[in-house]
Amino acid sequence: MSVFRDVTQAVPVAVFKLSQDFNNDQDPNKVNLGVGAYRTDEGLPWVLPVVKKVEKVIAHDDRLNHEYLPILGLPQFRSWASKIALGAASPAVQEDRVGAVQCLGGTGALRIGAEFLRRFHNGSNNTKTPVYVSAPTWENHNAVFASSGFEDVRSYKYWDAQNRGLDLAGFLGDLETCPEHSIFVLHACAHNPTGTDPTQEQWMKIAEVMMRRRLFVFFDSAYQGFASGDLDKDAWAIRYFVSMGFEMFCAQSFSKNFGLYNERVGNLTIVARDPDNLQRVLSQMEKIVRTTWSNPPSQGARLVAITLSDPGLFEDWKANVKTMADRVLLMRAQLQAKLQALGTPGTWGHITQQIGMFSFTGLNPKQVEYMVKERHVYLMASGRINMCGLTTKNIDYVAQSIHATVTSVQ
Amino acid sequence: MQSRRASRAGASKHADKITKPSVFVDTHAAASNQEAKSLFAFKTDDDVRKVYLAGREYLNEQGQPYVSPFIGKIKRRMSSDQTLGSAHPSSFGLAEFNHRATEAVLGKKSSAIVENRVLGVQTVGFTGAVRLGAELLRHWYNGDAAWQGPVYLSSHCDDSLAGVFQAAGMPDVRQYRYWDAGRRGVCMDGLLEDLETAPERSVVVLSASAHPTGAELSREHWALIARLMMRRQLFPFMLLPVAGLCHGELERDAWPVQYCQSLGMELLCAQSFSHCFGLYGEHVGHLLCVLRQSSVLLAVRSQTERLINALWAQPPVGGARIVATVLSNPAHRAEWQEGVWHMAARCMLVRERLREKLRLLGTPGCWDHLTQQTGPYCCTGLNVEQVEYLSKRKHVYVLPNGCLNVSAVNSCNLDYVTEALHEALSAEPLS
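This structure is a prediction, so every number in the text was calculated from the model and none was measured.

Visitor: I'd like a description of the pattern of salt bridges, backed by residues and values.
Guide: Summed over the entire model, instances satisfying the criterion amount to 40 salt bridges over all chains. Put simply, A:Asp274 and A:Arg273 hold a salt bridge, and the shortest N to O gap is 3.1 Å. In this structure, the salt-bridge partner of B:Arg183 is B:Asp180, at a minimum N-O distance of 3.5 Å. Residue class for B:Asp180 comes out buried when judged on its relative accessible area of 17%.

This is how it looks when you write it as structure tokens:
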């Protein structure tokens, strides 16, 4: 008898199942608007030109040593990655109270941060501290914090389905009534899945409550550069919080903005009150990393570090990011225009108002089912579409499909 | 600190803002681990004769981590290969890598592979493999949703291993006797006794090869251990941290795993390809799970995927691609295999030289074990005081438990190292 005989089949991860179903679909018109990765107008993944350039440099550089990276990762990568989020001129950086841990993608950064907080935040090993994630949020947020030992992962009000926008009153209400020292996972920009970000004024209100109620700020920054095409603009919320004196964690992913999905390049940026606190935190982070993966992989981090630290390559990268962001903006504009031209019932302004890779179309589950089964257009049950799945070749078909769906299914 | 902050432009704004204590105020500094302390002491030692023998990596005759020019060629070719995609790999990593890594451990004709009751997962290095295996046990071992242990580790094992199991949520980590300092070999009586008295269904972590002391279990030993473990329903978690470097071949190093599998045992096995490919920075690891029945494979696979998603989502692809490319191509494989034989052979050569030198110096103690063992790791039998003497007086650094990495010894430092060992073993203890 197997010692694993009682293992139950896990529910498949929705987005992976969607991709699987899409792959198995034989329909020639099929479109995949499910997965959260950038695609070119040819529907292909894009290796950024700057990445190709730097990869060759690395492969031909015999001086690079092949040893294990330090436990906390490549120092150059860590400091440059943090500067991308906070701004090189950030007072926090100048004051030596910013540190970082190189992690396995955004997921790894969230996990290491969560493991630290479970051990050291709000007492010692306090697994009952509530962790708040937005309603809705990236589905893995729940899993990461729960796996780290937190028993109470809840949601804070975020998406107002009726008005197709941010439920600020609900959000602020949850911030006012939650237990002190609760941990809040905030999307730095390009909220996944709604594409709806707080405005600057709204962020200010959120920050005020969080500071007053001593709530822990944990930013998830997976799309810096993707929201507006401008790195600094996309980091406004993070930088505002830092300027208001917050200590915080920020989980950064370079999967999307460097197209390095499979190299697993992430960074957990830590902003502390002073260098002394920072050092103690980093010492504990080392212990946590040592028992998770011991040392992070070098390839992706090296690539990012070289790119960010060279002015010419940095400009190349910014241009590549803008290329991706611009394509997304173009698809948004075109989809909205086509829906309006078709006279599709409902308002579609949210398609261009929403930010980043994703759009919450507002299609209900029945309509989504129709889209998938009848039209072979694959999107998440929540109505979320990945704008990158749209191309000049399929956008007419998708617009027509949405039109057909909305008019046939209520 | 206050005046420094105040004198920076805009800093007063900051000082106003953070007046209350840090949210991290209760986070105490972590005690640094032995390896880190040792390394720090070495780095800050400015004696020109200093030698570091406490590292994990295999070093070549020039004292550098092994870098295969052949691997460099493959990396360059891959960097200009347009067809290599950048998309998210599966949570389990590269299929071809897993296929080869699994074959390397179990052998192509393994009944477990044929009967489709094997799960192979690419992990973030060796630690990632152990952690993932630990998480799987924690959540699913014998239907217990929160299994606490006990997990048995050998004496003289890597000091971070216990931490990995504890981090996964199993606080009950115990030790079984392994290294016999007197006989400079495995303490079989103690080992069997400890396993005999372990609670049934305990998990026992065993080094298939390259135990930190270098002491190996013979085939007869494995037969005894396997029988005992089956009788007492103890679960084996096998370790292959430097796959290939002991006997020069992946399959030979993995013999104990094949043996246990052939007896019908279920097991986990963590292995690392960092060393035999010189891919330390890429951190290529693999977790193998051999099940008794194929009927549970899908469920175990699906739950393993969930665990991976919450740890690192997907493993990094670079190193695994290289390993898969090499192992799948007969010509590449042959060239790579030469390199591995060379590493294993060099370890044996260094051991011989160490033994011979110590013999010529008349160093107290018996040094036969140096050449009876294989692979890079070896326990010298030095006690704590002698280890300290070695580092403080002679600037030669070994692990606090007296273990060292023989590959770090080369023709430049051999004389100095052996003289230092001799002195440490003959000297009066430091007061």
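Back to the text.
Visitor: If you had to explain the packing of aromatic side chains to someone new, which residues and values would you point to?
Guide: For the structure shown, the criterion picks out 43 aromatic pairs over all chains. Arranged with centres 5.7 Å apart and planes meeting at 80°, the rings of A:Phe145 and A:Phe218 form a pair that is edge-to-face. Note that A:Phe145 is positioned in helix H6 (residues 140-147) and A:Phe218 in strand E8 (residues 216-221), a separation of 73 residues in sequence. This pair shows no difference in class: A:Phe145 is buried, exactly as A:Phe218 is. Between the aromatic rings of A:Trp159 and A:Phe360, the centroid separation amounts to 5.1 Å while the plane-to-plane angle is 85°, which identifies the pairing as edge-to-face. Remark: A:Phe360 occurs in strand E11 (residues 358-360) and A:Trp159 occurs in strand E5 (residues 159-160); sequence separation between them is 201 residues. Accessibility assignment for this pair places A:Trp159 and A:Phe360 in one class, buried. The rings of A:Phe116, A:Phe120, A:Phe145, A:Phe150, A:Phe216, A:Phe218, A:Phe249 and B:Phe24 are connected pair by pair, giving a single aromatic cluster.

Visitor: Tell me what's going on with the layout of surface pockets, and back it up with residues and numbers.
Guide: Of the volumes computed, that of the second largest pocket is approximately 1200 Å³. Of all the secondary structure elements, the ones that give two or more residues to the lining of the second largest pocket are helix H11 (275-290) of chain A together with helix H3 (34-44) and strand E1 (51-52) of chain B. Sort the elements by how many residues they give to the lining of the second largest pocket and H3(B) lands first, with 7 residues. Class assignment for the residues of the lining of the second largest pocket results in 18 nonpolar, 11 polar and 12 charged.

Visitor: Talk me through the interface of chain B and chain A; I want residue IDs and the actual numbers.
Guide: With 86 residues of chain B in contact, the opposing surface of chain A contributes 76 residues. Of the roughly 7100 Å² buried between chain B and chain A on both sides combined, carbon and sulfur atoms contribute 55%. The tally of links between chain B and chain A comes to 2 salt bridges. One salt bridge connects A:Glu115 with B:Arg131, and the closest N-O pair in it is separated by 3.3 Å. Summed over the shared surface of chain B and chain A, the result is 29 residue pairs in polar contact (both at pLDDT 80 or more). Classifying every residue of the side of chain B that touches chain A by side-chain character gives 35 nonpolar, 30 polar and 21 charged.

Visitor: Outline the sheet that holds strand E7 (residues 183-187) of chain A, listing residues and values.
Guide: Residues and elements named next belong to chain A. Judged by pairing direction, the sheet is mixed, and its 7 strands sit side by side in the order E2-E10-E9-E8-E7-E3-E4 without closing on themselves. In this open sheet, the two edge strands, each paired with only one partner strand, are strand E2 (98-104) and strand E4 (153-157). Taking the axes of each pair of neighbouring strands and ignoring which way they run, one obtains an average angle of 25° across the sheet. Helix H8 (residues 200-212) contacts E7 and E8 of the sheet and is inclined by roughly 165° relative to E7. Strand contacts of H11: E2, strand E9 (248-253) and strand E10 (265-271), with the helix running at about 10° to E2, the strand carrying the most contacts.

Visitor: Residue-level account of unusual backbone geometry, with values.
Guide: All names here are of chain A. Here alanine 135 and proline 136 are connected by a cis peptide whose omega angle stands at -5°. Relative to the helices and strands, proline 136 is located in the loop between strand E3 (131-135) and H6. Residues asparagine 192 and proline 193 are joined by a peptide bond in cis, for which omega reads 15°. When you line up the elements, proline 193 lands in the loop between E7 and H8. For arginine 164, which is not glycine, the phi dihedral falls at a positive 50°. Looking at the secondary structure, you find arginine 164 in the loop between E5 and strand E6 (165-166). Of the residues examined, arginine 164 reaches a relative accessible area of 27% and is grouped as partly exposed.

The rules behind each value
Counting from 1, residues in each chain are numbered in the order their sequence is written. Key to labels: chains lettered from A, ligands numbered from 1, both in the order written. Two thresholds apply to this predicted model, a pLDDT of at least 70 for residue-level local features and 80 or more for giving and counting side-chain atom pairs, whereas whole-chain, interface and lining totals are computed over all residues. For side-chain calculations, the full set of non-hydrogen atoms in the structure is used, while hydrogens and water are omitted. Should a side-chain nitrogen of Lys or Arg be within 4 Å of a carboxyl oxygen of Asp or Glu, the pair is scored as a salt bridge. Here the term buried applies to any residue with accessible area under 20% of the maximum for its type, exposed to any over 50%, and partly exposed to those in between, with areas from a 1.4 Å probe on protein chains only. Two rings from Phe, Tyr or Trp (for Trp, the six-membered ring) form a pair when their centres are within 6.5 Å of each other. A pair whose planes differ by under 30 degrees is stacked, one over 60 is edge-to-face, and the rest are tilted. Helix and strand definitions here come from DSSP, where helices need a minimum of 4 consecutive H or I residues and strands a minimum of 2 consecutive E residues; each element is numbered from the N-terminal end. Any residue with an atom within 4 Å of a point lines the site, the site being either a cavity, points on a 1 Å grid over the protein atoms alone where a 1.4 Å probe fits but cannot get out, or a pocket, an open set with protein on both sides within 12 Å along at least 5 of 7 lines. Grid points are joined across faces, edges and corners, and a volume is the space filled by probe spheres set on the points. Polarity classes work like this: nonpolar for Ala, Val, Leu, Ile, Met, Phe, Trp, Tyr, Cys and Pro, charged for Asp, Glu, Lys and Arg, and polar for all others, with Gly in that last group. Here a residue-residue contact requires only that any non-hydrogen atoms of the pair lie within 4.5 Å. Buried area, as used here, totals the accessible surface that two parts lose on assembly, with accessibility defined by a 1.4 Å probe and the loss added over both. The term polar contact refers here to a pair of N or O atoms within 3.5 Å; inside protein, the definition further demands a hydrogen-donor-capable atom paired with an acceptor-capable atom, and it admits residues adjacent in sequence only when both atoms are side-chain atoms. Pairing between strands is defined by DSSP: at least two bridges between them are needed. Orientation is described by axes fitted as lines to C-alpha atoms, over the contacting stretch for helices, and by angles from 0 to 180 degrees between their N-to-C directions.

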